[in-house]
Amino acid sequence: MSTSTVIRGGLVITASDETHADILMEDGRIAALAASHTPAAEALSAERTVDATGKYVIPGGVDAHTHMELPFGGTFASDTFETGTRAAAWGGTTTIVDFAVQSVGHGLREGLDAWHAKAEGNCAIDYAFHMIVSDVNEDTLKEMDLLVEEGVTSFKQFMAYPGVFYSDDGQILRAMQRSADNGGLIMMHAENGIAIDVLVEQALARGETDPRFHGEVRKALLEAEATHRAIRLAQVAGAPLYVVHVSATEAVAELARARDEGLPVFGETCPQYLFLSTDNLAEPDFEGAKYVCSTPLRPKEHQAALWRGLRTNDLQVVSTDHCPFCFSGQKELGRGDFSKIPNGLPGVENRMDLLHQAVLDGHISRRRWIEIACATPARMFGLYPKKGTIAPGADADVVIYDPAAEQVISADTHHMNVDYSAYEGKRVTGRVETVFSRGVPVVTDREYTGHAGHGVYTPRSTCQYLT
Ligand SMILES: [Zn+2]
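Residues numbered from 1 in each chain as written. Predicted model: local features only at pLDDT ≥ 70, side-chain atom pairs only at ≥ 80, totals over all residues. Heavy atoms only, no water.

### Looking at helix H14 (residues 366-380)
- Over its 15 residues, H14 extends 20 Å from the first C-alpha to the last, a length consistent with the 21 Å expected when each residue adds 1.5 Å.
- Along H14, the sharpest change in direction is near 45° and occurs at Ile372.
- Among the 15 residues in H14, eleven count as buried, and that is most of the element.
- If you check which residues of H14 are buried, you get Arg368, Trp369, Ile370, Ile372, Ala373, Cys374, Ala375, Thr376, Pro377, Ala378 and Met380.
- The positive-phi residue at the C-terminal boundary of H14 is Gly382, with phi of around 70°. (Helix = DSSP H or I, 4+ residues; strand = E, 2+ residues; numbered from the N terminus. Expected span 1.5 Å × (residues − 1). Bend = angle between axes of the 7 residues up to and from the residue. Buried < 20%, exposed > 50% of the residue type's maximum accessible area, 1.4 Å probe, protein only.)

Below, the structure written as structure tokens:
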């Protein structure tokens, strides 16, 4: 279904510019831009015209951190690739990079094949994969080279979750050395999981079983310590490093110091750390379980450092770490023992709106909004300029965004397959109106017009911030 569309009269916002321009989309790509109300713009013609007067026209969001159908803690993340990518589209995100998982004792290839099988034919928007490396050995290291060549160019390791995803320092160093050679990017879950497990055991022995203790045992210092260690291991290996879901002031400081030293070190944070806090984890009647994720939510005071990091570019990306578990039947697995609460929050649908609200709240500029949510994640993970911007030749992944519409975030109206919202009742200004994925309208005037299988697997080049 190759159609052409002109979007007229909107304010086109990219990471670098804000321009009143008309956009011609043809055969799935951006064909031309022309300043609105000029002869050049009037010369743009297409089968269909969409009026975006008074609206923003922005690149589709790139969410570089999602976990659809992730097996965790004896259950599975409640969004499938079908439901999760549909919700992403509703929220103005047109590309996700999800995590394929290597299980201990199995190869990378086997894990990647399994994730391809889950996603293929089911996605509403385009998708790509990172690879979780849980078992570093000679075979795994060789497989990393092959994966980089075929477009899986980033590898996640865990300093947390001993016995599940955990890698020790030697395994991490080996994978980093390999990525230094093959161009891959190591993504790190930086928390000292060995120390945390001791504190978990001690807390439970004291009868501290409520969700809020999840936040207390996973100490900011243990995030900072792991972040520091990951940075120095990467430095020794001569490899770049991307630290996922940074939540603590002290961890931001480690990243800032490393960047000041000139090291190729990058950091991501997530909306939950910017908008939620340990106050949520302390909600009574086990409601705090809704906010259990790792790294954990921090006391409110940490938010200022995260916003500052986003402004100063010590943090470069906001992803969701979307990993939803229903309160009923899933989060409830941890009643009486916080360590059994599945870790993760829903959010893939809310990221663009929450960050737009941050623009209105004065935390970031409009262009920085697009930079941290679209352009930089695309560049970081080798998808730019196909994804992440509006420019001739780019995929026509375009969102018409109403900056004045008001909405109240709620599980009653969201499209994620989960029975609660982490932002229930929060009022935000700004809302997605229409979403194009490669020129095809997948959301049209707040109606879903996409379908499972429209989204295609998108191989990636290596990180575009290196060399
Ligand atoms: Zn994650």
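### Some details on the packing of helix H4 (residues 138-149) against helix H5 (residues 169-182)
- Put simply, H4 and H5 touch, their axes get as near as 10 Å, and they point 35° apart. Handedness of the crossing formed by H4 with H5: right-handed. Of the residues in H5, those in contact with Leu141, Lys142, Met144, Asp145 and Val148 of H4 are Arg174, Ala175, Arg178, Ser179 and Asn182.
- Of the residues contributing to the contact of H4 with H5, the split by class is four nonpolar, two polar and four charged. (Axes fitted to C-alpha atoms, helices over the stretch in contact; angles between N-to-C directions. Left-handed = near helix turned anticlockwise from the far one by under 90°. Contact = heavy atoms within 4.5 Å. Nonpolar A, V, L, I, M, F, W, Y, C, P; charged D, E, K, R; others polar.)

### Some thoughts on the UniProt feature "modified residue: N6-carboxylysine" (unreviewed entry) in the chain
- In the numbering used here, UniProt assigns the feature "modified residue: N6-carboxylysine" (unreviewed entry) to Lys156.
- Not counting residues up to four positions away in its chain, the partners in contact with Lys156 are His65, His67, Phe99, Met131, Ile132, Val133, Met187, His189 and Val244.
- A distance of 3.4 Å separates the side chain of Lys156 from the side chain of His65, its partner in a polar contact. (UniProt positions renumbered as here; feature names shortened; annotations may be inferred. Polar contact = N/O pair within 3.5 Å; in protein donor to acceptor, adjacent residues only side chain to side chain.)

### Overview of the coordination of the zinc ion
- Protein coordination at the zinc ion: the donors are His65 (NE2), His67 (NE2), Lys156 (NZ) and Asp321 (OD), at 2.0 to 2.7 Å from the metal.
- With four donor atoms in place around the zinc ion and angles of 80 to 167° between them, the coordination shape is irregular.
- Each donor residue of the zinc ion belongs to the same chain, and together they define the spacing H-x1-H-x88-K-x164-D. Each member of the pair His65 and His67 is classed as buried. (Donors = N, O, S within 2.8 Å, 3.2 Å for Na, K, Ca; no water. Tetrahedral: all angles 85-135°; square planar, octahedral: opposite > 155°, others 65-115°.)

### Focus: the nonpolar core
- Of all hydrophobic cores here, the largest spans 134 residues; its most connected members are Ile58, Phe155, Met176, Met188, Leu241, Tyr242 and Trp369.
- With eight residues, helix H8 (residues 220-237) is the largest single contributor of residues to this core.
- In this structure Tyr242 touches Leu185, Ile186, Met187, Met188, Phe266, Glu268, Val317, Ser319, Met380 and Phe381, once residues within four positions along its chain are discounted.
- Within the second largest apolar cluster, 15 residues are counted, among which are Ile23, Ile30, Ala396 and Phe436. (Core = buried A, V, L, I, M, F, W, Y, C linked by side-chain atoms within 4.5 Å.)

### Comments concerning the side chain of Asp135
- Inspection of the secondary structure assignment puts Asp135 in the loop between strand S11 (126-132) and H4.
- A polar atom in the side chain of Asp135 sits 2.7 Å from the backbone nitrogen of Gly105.
- With near-sequence residues (within four places) excluded, Asp135 lies in contact with Gln102, Val104, Gly105, His106 and Thr140.

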